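Single-letter residue listing:
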Amino acid sequence: MDADQFFKALSDLTRLRMLVLLSHEGELCVCELTHALDEIQPKISRHLAQLRELGVVLDRRQGQWIYYRLNPDLPAWTCEVLMAASEGVITLSPFNEDLQALADMPNRPESACCA
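What comes next concerns the included structure.

The subject of this paragraph is the nonpolar core. Leu19, Leu21, Val56, Val57 and Leu82 are the most contacted members of the largest nonpolar core, which totals 33 residues. Contributions of two or more residues to this core are made by helix H1 (3-10), helix H2 (13-25), strand E1 (27-29), helix H3 (30-37), helix H4 (41-54), strand E3 (65-70), helix H5 (76-89) and helix H6 (95-104). With six residues, H2 is the single largest residue contributor to this core. For Leu19, the residues in contact, after removing those within four places along its chain, are Leu10, Leu51, Val56, Val57, Leu70 and Leu82.

Below you can see the structure in the form of structure tokens.
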């Protein structure tokens, strides 16, 4: 993992918000991220693709949903950075609002389908 590219990925607020949510939740589908961040699906998908190409996240398809999670094979130093960042900002805006929006989301994929 190239440190320069990794920190560039974290420097974008949308990507950082997604990584904080993934750190907290473990695995989320695109629709959950679009809802929590109140962003359009193409924007979320574009940022997820960048993180996937860098190797920070992995994806899996289940039916019509694509789920993303942090790559469990990330180097230890990247995991430490992500965990420290997540723990440091989770009570701050907009990160705490993202977490609350996700908690309030109706029809999350594990319980029903979502739009």
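Right, let's talk about a nonpolar patch on the surface for a bit. A surface patch of nonpolar side chains, amounting to about 280 Å² of accessible area, comprises Met1, Phe7 and Trp77. Mapping Trp77 onto the fold places it in helix H5.

About the thresholds
- Residues numbered from 1 in each chain as written.
- Predicted model: local features only at pLDDT ≥ 70, side-chain atom pairs only at ≥ 80, totals over all residues.
- Heavy atoms only, no water.
- Core = buried A, V, L, I, M, F, W, Y, C linked by side-chain atoms within 4.5 Å.
- Buried < 20%, exposed > 50% of the residue type's maximum accessible area, 1.4 Å probe, protein only.
- Helix = DSSP H or I, 4+ residues; strand = E, 2+ residues; numbered from the N terminus.
- Contact = heavy atoms within 4.5 Å.
- Patch = residues over 30% accessible without salt bridge, like charges linked within 9 Å, V, L, I, M, F, W, Y side chains within 5 Å.
- Areas by Shrake-Rupley, 256 points an atom, 1.4 Å probe, with all protein chains shown as cover.
- Salt bridge = Lys/Arg side-chain N within 4 Å of Asp/Glu carboxyl O.

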